[in-house]
Amino acid sequence: MSSAELAIETTALGKSFGRQAAVADLALAVPRGSVFGFLGPNGSGKTTTIRMLLGLSAATTGQVRVLGEQIPDAAASVLPRVGALVEGPAFYPFLSGRENLRRFDTANRHAPASTRSARVDAALDRVGLGHAASKAAHAYSLGMKQRLGLANALLMPRDLLVLDEPTNGLDPQGTREVRSLIRSLASDGTTIFLSSHLLAEVEQVCTHVAVMSTGRLVAQGSLDELRAQGTARVVVQTPDGADARRVLASLGLVPDPDDGLTADRVSAELHAGVHAETVTAALVRADVRVRGLAVAGASLEDRFVALTGEGFDVAE
Amino acid sequence: MSQSEGGGSLGFALLGSELRVLFMRRRTWAMLAALAAIPVLIAVAVRLSSSPDTPGDGPAFLSNITQNGLFVGLTALIVSVPLFLPLTVGVVAGDTIAGEANLGTLRYLLVAPSGRVRLLLVKFAGAAVFCVVATLVVVVVGAAIGAVLFPIGPVTLISGDTVGVDGYVLRAALFAAYVSISMLGLSAIGLFISTLTTVPVGAMAATIVLSAVSQILDLLPQLSAIHPWLFSHYWLGFAELLRTPVDLTVFGENALLQLGYIAVFGALAYGRFSTKDILT
């Protein structure tokens, strides 16, 4: 893919804090117009990467191009076209929601003052905060702050939105609203770079995904490509468990060991070349009585865990 | 969207926003109220005390207050300069960058994008405006409470001349300008310290401590060689403004010294902030 078609492109990007490498050798390629899920467990370097994309911190090695221009050199001309929610929202607690947005909008030299009031109110309405606009930000709930942070990213028409955990602290209703907001922004042609550890979230809205683990990129591509790398499983419901196992084994599959609890359920990973219909035909030929047969595609979650390791340990 | 749209902005709108944020904080008003209390306390104390004044005791001009209420503002300013004024200036200047970093709003200002240099200039300008406002509060409240509690009339200057109320206003304005300018060097130091940390209280405390250290060093005769280079050296040198004709030599020397501090610490703040990793 040529550089002109990429909204974000990093080459050999690295960031070290002392001896610790927070991000190493990162080569992101975010196509324009995509909804790009940036996945990774806590501490995998997502936010560090986002800080470098936005020119907040300098890369130790490598290069960053955003909307075709070098960051941080061209930050002054690129950033007005980028809306961002970085590491959670942040506001002046003693100012109202509206005053907070006016403050950030004033900081943007490219935001016309003449339309400021209208744009601020439109952004507040878009995230459903119109009624609370005059309330001091310290009185906002976590979810309201998150919405205000999103409104800040939407003050101007943007070519790229960088959203770091945008549904953090939102109730299910709010999460749905954000999801539909992202879809409607994306349908307008805005590229959306969405960092999240919520896989379900990414699976529902994203077209492309990159997965980080301990500062390195472990997978990148369209959602379908990434899913395809996972292996599908066939699950057979049958009273003739032992026979079914034999048939699957004869096809070269490796049935999961019998755990003694679900004797009427036999499952196995499907190899390339052995399709579900082959399995069905073989079972029928062997007179195995089948109650049901299902093919479970690899879920992104399985893929995610396979790539990043399981468990709650924060990556070192 | 074109890149030049509104691109000519020099930051006056951002300065307006900065001042709005500064003066919408309760803390700012509390500090200004505390500064306003100084002339009020002085005036009330002098009014209530029955003992005859002993010329030479207490701060300069204290003994003049009973004869002329206009001296309340000047006396209060002299009392404020060594401690209270640098305290409030230290709070505002120390908070400039570190306060935004602590709230997390710094990252949103920078991705807006405000531009780092522009933000730094606006922050210094905001602190400078506070210096002027703080000084004016003391002088104006002092003149007002003095007018209420004491007779006002022609003012006898150090040189023995007498000027009318209009002559007094001119000198009080000069006095306020002198003190405001005196605080600019400290503001620049506070701005620099504020770029070093994300803990605003630390930057405030360090700035205030430096103002005390500078004044202590200025008292040690063994260090007389460095005295003219201390930013607090001319802080109490405003007596020359109360002569006729007004002698502006010290005014100029002070302004030059403060300008030097602004240049040096402004450059240091730029050097630090322009490449700083914003991690909060």
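Residues numbered from 1 in each chain as written. Chains lettered and ligands numbered in written order. Predicted model: local features only at pLDDT ≥ 70, side-chain atom pairs only at ≥ 80, totals over all residues.

Counting secondary structure elements, chain A contains 11 helices and 14 strands. Reported as C-alpha extents along the three principal axes, the dimensions of chain A are approximately 80 × 45 × 35 Å. Split into buried and exposed, the 316 residues of chain A put 44% on the buried side. (Helix = DSSP H or I, 4+ residues; strand = E, 2+ residues; numbered from the N terminus. Buried ≥ 20, exposed ≤ 12 C-beta atoms within 10 Å, placed from the backbone.)

This brings us to the confidence of the model for chain B. Residue and element names in this part refer to chain B. The pLDDT averaged across chain B works out to 89; a share of 93% of its residues lies at or above 70. Of the regions scoring below 50 in pLDDT, residues 1-8 engages in 13 contacts with residues more than four places distant in sequence or in other chains. Across the interfaces of the predicted complex, the ipTM metric reaches 0.88, alongside a pTM of 0.86. (pLDDT = per-residue confidence, 0-100. Contact = placed C-beta atoms within 7 Å.)

Residues and elements named next belong to chain B. At their nearest, the axes of helix 3 (residues 71-80) and helix 6 (residues 116-149) sit 6 Å apart, and the two run at 145° to each other. In the packing of helix 3 onto helix 6, the handedness of the crossing is right-handed. Seen from helix 3, the contacting residues are F71, V72, G73, A76, L77 and S80; seen from helix 6, they are T135, V138, V139, G142, A143, I145 and G146. Counted by class, the contact of helix 3 with helix 6 contains 8 nonpolar, 5 polar and no charged residues. (Axes fitted to C-alpha atoms, helices over the stretch in contact; angles between N-to-C directions. Left-handed = near helix turned anticlockwise from the far one by under 90°. Nonpolar A, V, L, I, M, F, W, Y, C, P; charged D, E, K, R; others polar.)

Let us now look at the sheet that holds strand 11 (residues 216-222) of chain A. All names here are of chain A. Taken in spatial order, the 6 strands line up as 7-8-9-4-10-11 in an open sheet, and their pairing is mixed. Two strands bound the open sheet, and with one partner strand each, they are strand 7 (82-85) and strand 11. The mean inter-strand angle of the sheet, taken between neighbouring strand axes irrespective of direction, is 10°. Pairing of strand 10 (residues 208-213) with strand 11 involves 6 bridges; the strand directions are antiparallel. Residue pairing across strands places M212 opposite L217, the latter belonging to strand 11. Taken strand by strand, helix 5 (residues 142-153) contacts strand 7 and strand 8 (160-164), and its axis lies near 165° from that of strand 7. Of the strands in this sheet, strand 4 (35-39), strand 8 and strand 9 (191-196) touch helix 6 (residues 172-187), which is tilted by about 150° from strand 9. (Pairing = 2+ DSSP bridges.)

With that settled, the discussion passes to the nonpolar core. Core analysis: the largest hydrophobic core is formed by 155 residues, its most contacted members being V162, F193 and L194 of chain A together with F175 of chain B. With 15 residues, helix 6 of chain B is the largest single contributor of residues to this core. Residues in contact with V162 of chain A, not counting those within four places in the same chain, are I50, L53, L54, V82, A84 and F193 of chain A. Counting residues in hydrophobic clusters, the runner-up holds 11 residues, among them V236, A244, V279 and V288 of chain A. (Core = buried A, V, L, I, M, F, W, Y, C linked by C-beta atoms within 7 Å.)

In this assembly, 29 residues from chain B lie in contact with 29 residues from chain A. Looking at which element gives the most residues to the side of chain B that touches chain A, the answer is helix 5 (residues 105-111) of chain B, with 6 residues. In terms of residue class, the side of chain B that touches chain A is made up of 14 nonpolar, 10 polar and 5 charged.

Moving on, we get to the domain arrangement of chain A. Under the domain assignment used here, chain A contains domain 1 (3-228) and domain 2 (231-297). On a C-alpha basis, the centroid separation for the pair domain 1 of chain A and domain 2 of chain A is 45 Å. (Domains from an automatic or database assignment.)

So, about the sheet that holds strand 14 (residues 292-296) of chain A. Strand pairing in a sheet relies on backbone hydrogen bonds, with the paired strands running either antiparallel or parallel. Residue and element names in this part refer to chain A. Taken in spatial order, the 3 strands of this open sheet run 13-12-14, and their pairing is antiparallel. Sheet topology places strand 13 (265-269) and strand 14 at the edges, where each strand pairs with a single neighbour. Taken over all neighbouring pairs, the strand axes of this sheet differ in orientation by 15° on average, direction set aside. With 5 bridges joining them, strand 12 (residues 233-237) and strand 13 adopt antiparallel strand pairing.

Residue and element names in this part refer to chain B. Mapped onto the elements of the fold, G16 is located in helix 1 (residues 12-23). The exposure class assigned to G16 is partly exposed, which follows from the 14 C-beta atoms found within 10 Å. Residues G16 and G126, spaced 110 residues apart in sequence, show a C-alpha to C-alpha distance of 8.8 Å.

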